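The residues making up each chain are set out below.
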Amino acid sequence: MLLNMNQLLEVAKENKFAVGAFNVADSNFLRTVVEAAEENDSPAIIAVHPTELDFTKDEFFQYVISRVKNSSVPFVVHMDHGDNLASIMRAIHCGFSSVMIDGSLLSFEENIAVTKEVVDVCKKINVSVEGELGTIGNTGTTIEGGVSEVIYTQPEDAIEFIEKTGVDSLAVAIGTAHGIYPKNVKPKLRMDVLEEIEEKVDIPLVLHGGSSNPDEEVARAVQIGIQKVNISSDYKFAFYKKCREILSTTELWDANAIYPDCIVEAKKVITQKMNLFNSVGKATIYRDKNIKPFRNDFS
Ligand SMILES: [Zn+2]
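The text that follows walks through the structure, step by step, so that each part is easy to find. (Residues numbered from 1 in each chain as written. Predicted model: local features only at pLDDT ≥ 70, side-chain atom pairs only at ≥ 80, totals over all residues. Heavy atoms only, no water.)

**Here we look at the overall build of the protein chain**
Spelled out, the test is: What counts as a helix is a DSSP run of H or I of at least four residues, what counts as a strand is a run of E of at least two, and both are numbered from the N terminus. Exposure classes here rest on a 1.4 Å probe applied to the protein chains alone. A residue is buried below 20% of its type maximum, exposed above 50%, and partly exposed in between. Two residues qualify as a contact provided that any one of their heavy atoms is within 4.5 Å of a heavy atom in the partner residue. What sets the accessible areas is the Shrake-Rupley method with a 1.4 Å probe; for residues, cover comes only from the shown protein chains. Positive charges are assigned to Lys and Arg, negative charges to Asp and Glu, while His and the chain termini are left out of the count. Positions of charges follow a simple convention, taking NZ of Lys, CZ of Arg, CG of Asp or CD of Glu.
From N to C terminus, the protein chain includes 12 helices and 10 strands. Overall, the C-alpha framework of the protein chain stretches about 60 × 50 × 35 Å when taken along its three principal axes. Across the 299 residues of the protein chain, 57% fall into the buried class. For the protein chain, long-range pairs separated by at least 24 residues make up 75% of all intrachain contacts whose partners lie at least 6 apart in sequence. Approximately 12900 Å² of the protein chain is accessible, and the part contributed by carbon and sulfur atoms is 51%. The distance from the centre of the 30 positive side-chain charges to the centre of the 44 negative ones in the protein chain is 4 Å.

**Quick look at the coordination of the zinc ion**
We count it as follows: Each metal site lists N, O and S donors within 2.8 Å (3.2 Å for Na, K and Ca). With water left out of the atoms, a site can look as if it is missing ligands.
Of the protein atoms, only His81 (NE2), His178 (NE2) and His208 (ND1) coordinate the zinc ion, at distances of 2.0 to 2.1 Å. Donor residues for the zinc ion, ordered by position in the chain, follow H-x96-H-x29-H. Of this pair, His178 sits in strand 8 (residues 177-178) while His208 sits in the loop between strand 9 (205-207) and helix 9 (215-224), and the two are 30 residues apart along the sequence. The exposure class of His208 is buried, given its relative accessible area of 1%.

**Some remarks on helix 4 (residues 60-69)**
Spelled out, the test is: Taking the helix axis as origin, the arc is that swept by the directions to the C-beta atoms.
Restricting attention to buried positions, one finds in helix 4 the residues Phe60, Phe61, Val64, Ile65 and Val68. Projected down its long axis, helix 4 shows its buried positions confined to an angular sector of 125°, all on one face.

**With respect to the side chain of His81**
Selection criterion: Identification of polar contacts relies on pairs of N or O atoms within 3.5 Å, with a donor-acceptor requirement for protein atoms, meaning one able to donate a hydrogen and the other able to accept it, and with residues adjacent in sequence counted only if both atoms are side-chain atoms.
With respect to the helices and strands, His81 occurs in strand 3 (residues 75-82). Classification of His81 by relative accessible area gives buried; the value is 7%. In terms of polar contacts, His81 uses its side chain to reach the side chain of Asp102, at 2.7 Å. Sequence-distant contacts of His81, defined by excluding residues within four places in its chain, comprise His49, Pro50, Met100, Asp102, Glu132, Glu144, His178 and His208.

**Concerning the sheet that holds strand 1 (residues 19-23)**
Within a sheet, each strand pairs with its neighbour through backbone hydrogen bonds, oriented either parallel or antiparallel. Cut-off, in case you're wondering: By definition, two strands form a pair when at least two bridges between them are found by DSSP. Here an axis means a line fitted to C-alpha atoms, over the contact stretch when the element is a helix, while the angle between two N-to-C directions is reported on a 0 to 180 degree scale.
Strand order in the closed barrel formed by 8 strands is 1-2-3-4-5-7-9-10, and the pairing between neighbours is parallel. Within the sheet, the average angular offset between the axes of one strand and its neighbour, ignoring direction, is 25°. As judged from the 3 bridges shared by strand 4 (residues 98-101) and strand 5 (residues 128-133), these two strands associate in the parallel manner. Its bridge partner lying in strand 5, Met100 is registered against Glu130.

**Here's the deal with the pairing of strand 2 (residues 44-48)**
The side chains of a regular strand alternate between both faces of the sheet. Judged by how many residues are buried, strand 2 sits mostly within the fold: 5 of 5 residues are covered. Every second residue of strand 2 is oriented toward a common face, with Ala44, Ile46 and Val48 on one face and Ile45 and Ala47 on the other, all of them buried. Note: strand 1 against strand 2, 3 bridges, orientation parallel. Along strand 2, the bridge assignment pairs Ala21 with Ile45. Sheet analysis places strand 2 next to strand 3, joined by 5 bridges and oriented parallel. Bridging across to strand 3, Ile46 finds its partner in Val77.

Okay, structure coming up:
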């Protein structure tokens, strides 16, 4: 079933688990995420960065939407790090049920203005909006980018930002970075910052840069009150590690001969993350609630 992010994360918040958002830029990754979710009876989020949408092309999402709509587990199709209203409108036309507007590199006032502009449009058509406050670090290994110095989200700013923009969920900066950390960098999450934000804020909270952080820190963040964790690098790494191995040891060139084993390896990572987020088996809660699937005028 296709839901919007509010419908998905409300249940996660009530039941103290988080849903993984996995970046998808082709049908192999779509299959990996959707099949892993179905095998684990877990909800999942299909995340698509604007550069990934550029690569896949709009028509790909007719397949994505029809695949997840017909599934027995809940999915959200979400634009990750939407950069402006134009890319967000494109995502909505492709049938996405949720978008992120990332104004985190702008001034506080400009971030509020650009986020509110997106919220005003999306509210009318039932599309959920994620905002970001503070900055996510950058390991230099991903398309998502980020900054070299993390600016932690200030709890008081978060309250003001949510009030003024009306966002449905908030990505907070507590010390994670996009990508896989270099060997000499030890990520350390500021749980005290997260605890303070969680106490003061009612809407669901999002952790970006969830790859290659210590499992116990991610699990602790979920316990405190994170409802969505973004994972991209970790599972793609597993996919291409297997792919490199196959290509370097065989003469295969058929997609249906090369990719099945890569999908199996990537699914293992997703299953491990779903266990970490405590989302395994949770799809049943959504089915029991008889939630009305997401619809907008374009889908
Ligand atoms: Zn991100």
